[in-house]
Amino acid sequence: MSTTNELNSSISNDQMQIPNFPLEIIIEILSRLPVKPLLKFKCVSKSWHSLISTSHFAKSHLKISLQNNKLNKNLLLLSRYLPHTLYSCPLNSALHEKSISCINKLSFPWNSSNIIAGVSFCNGLFLICIGMYNNNNLYLWNPSTRKTKKLPSSGVEYSRCDVTYGFGYDESNDDYKVVEIYGVYGIHYVYGAKFKIYSLRGDSWRSMKKYCDALFSPDSGVFLNGCLHWAVAHNDGSCIFWDIVLLDLESERFGNLPLPNYDRGNCNGSSSTPLGDSRDFEPGILNWSLGKLGDCLCLFCDYYKVKLDVWIMKEYNAKGYWTKSVSLPYIAGIGPCISPLCVSDTGEVLLHDGTRVMVYDARNDEYKRVEIRDLDDTGVGAATVYAESLVSPILDSNENTPEMQEW
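Remember, predicted model here, so these are calculated numbers, not experimental data. (Residues numbered from 1 in each chain as written. Predicted model: local features only at pLDDT ≥ 70, side-chain atom pairs only at ≥ 80, totals over all residues. Heavy atoms only, no water.)

Draft legend 1. Structural detail: the sheet that holds strand E19 (residues 296–303). Strand order in this open sheet of four strands is E18-E19-E20-E21, and the pairing throughout is antiparallel. The sheet is open, and its two borders are formed by strand E18 (286–293) and strand E21 (321–329), each paired with just one other strand. On average, each strand axis in the sheet is inclined to that of its neighbour by 25°, with strand direction left out of account. Strand direction decides the pairing type here: E19 and strand E20 (residues 307–315), joined by seven bridges, are antiparallel. Opposite Tyr303, over in E20, you have Lys307 as the bridge partner. (Pairing = 2+ DSSP bridges. Helix = DSSP H or I, 4+ residues; strand = E, 2+ residues; numbered from the N terminus. Axes fitted to C-alpha atoms, helices over the stretch in contact; angles between N-to-C directions.)

Draft legend 2. Quick look at the packing of helix H3 (residues 23–30) against helix H5 (residues 46–53). The geometry of H3 relative to H5 is characterised by a closest axis approach of 12 Å and an angle of 60° between their N-to-C directions. It follows from the interaxial angle that H3 and H5 lie oblique. Crossing angle aside, the handedness with which H3 passes H5 is right-handed. Contact with H3, carried on its side by Leu23, Ile26, Ile27 and Leu30, involves Trp48, Leu51 and Ile52 of H5 and no other residues of that element. Looking at the contact of H3 with H5 residue by residue, the classes come out as seven nonpolar, no polar and no charged. (Parallel < 35°, antiparallel > 145°, perpendicular 65-115°, else oblique. Left-handed = near helix turned anticlockwise from the far one by under 90°. Contact = heavy atoms within 4.5 Å. Nonpolar A, V, L, I, M, F, W, Y, C, P; charged D, E, K, R; others polar.)

Draft legend 3. Local environment of the pairing of strand E23 (residues 349–352). Neither face of E23 is exposed, since Val349 and Leu351 on one face and Leu350 and His352 on the opposite face are all buried. Relative to E23, strand E22 (residues 339–343) is paired through four bridges, and the arrangement is antiparallel. Bridged to Pro340 within E23 is Leu351. Hairpin connection between E22 and E23: a loop of five residues separates the two successive antiparallel strands, and Gly347 in this loop has a positive phi of roughly 90°. For E23 and strand E24 (residues 357–361), the ladder comprises four bridges, and the chain directions are antiparallel. If you follow Leu350 over to E24, its bridge partner there is Val359. (Buried < 20%, exposed > 50% of the residue type's maximum accessible area, 1.4 Å probe, protein only.)

Draft legend 4. Inspection of the sheet that holds strand E10 (residues 175–183) at higher detail. Read from one edge of the open sheet, four strands run E9-E10-E11-E12, paired in antiparallel fashion. With one partner strand each, in any of the chains shown, strand E9 (162–170) and strand E12 (204–208) form the two edges of the open sheet. Each adjacent strand pair in this sheet contributes to an overall mean axis angle of 25°, direction not counted. Summarising the sheet, strand E11 (residues 194–199) and E12 pair through five bridges and their orientation is antiparallel.

Draft legend 5. How the structure looks around helix H6 (residues 55–67). End to end, H6 covers 18 Å across 13 residues, agreeing with the expected 18 Å (1.5 Å per residue, within 8%). Those residues of H6 that sit buried are Phe57, Ala58, His61, Leu62, Ile64 and Ser65. Projected onto a plane normal to the axis of H6, the buried residues spread over an arc of 165° and lie on a single side. Exposed and oriented more than 90 degrees from the buried face of H6 are His56, Lys63 and Gln67. (Expected span 1.5 Å × (residues − 1). Arc of directions from axis to C-beta.)

Set out below in structure tokens:
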């Protein structure tokens, strides 16, 4: 002990001082770290706490996270049965390990006995709909920072209408927006779609113009390139046809994207089937949905009990340059539906088959189950990939208001 003390006393004060790095270098280093250590580093000093808590730093950190396809990416897992439990695990573990033991049980503010009826996500924030389409139970939630905000009611009564949502970021106005689509089914599968939009910056809802008669997919809108995207069915009186409708969150104008030249499947001359109970489908009948893999918009063509084709729009534009990426076969023991989550650098596809997380190896044409601790017995009800972030559901000016909860 005395030897150690003598050694320490022999070092001059100048040698013991921590180097004073420029602020730009500190920000550059901290921006590349995962969220968990950053939250701990807020205790280092008041200046670090102030720095890491700013929205400017959160944006810098998010930009780097999104640029790296694997850095700070997690898999969000929902238990299959009530009461619901949410878990997260590193994406790399799900892709490359047969069994995952490094899994985190997440805290959330709503009652776990309530049904999670819908989930959308953007920049590490999740829009969670709790209960069966009850707008009073919409939450913005960051699972990494454990911060949440309950949204005000939109004023729409849902007892006699159907509803779906979309959630995204309006970069030009630095505002997160929630889009609510509601209406009532009419004859010939026509859907009188009305829109309301919520602004996080304004903390209020307002009405938008009604979209032309169409049936919007019940799936949440897919956010990409400043726009929300939905699969939409139209009925011209002779058949039902589909297209992709987008909503630009800055201009709040609608647009369309073309479809790829996909195989129509066993659909009797129609472009696709109307939404319905899959138990009534014949093998090969086509139903499709939208998704996102990495930074690309995807079209998933699901030929019931036969295969699922994954189309990717590598160049996002009005011309719609689609490429068929992979075809996933339905084999014995796989199902009832395949939802691709991520494609690895070597071409392996991480997916959810309705009850499990699996990896499809295209080279060997085989599926491998990913065993997940705490979920093997109950099964996985839903899964999605997300980037960790420091983005807060509460704006800077309201950061310390009672509305923000941290538990």
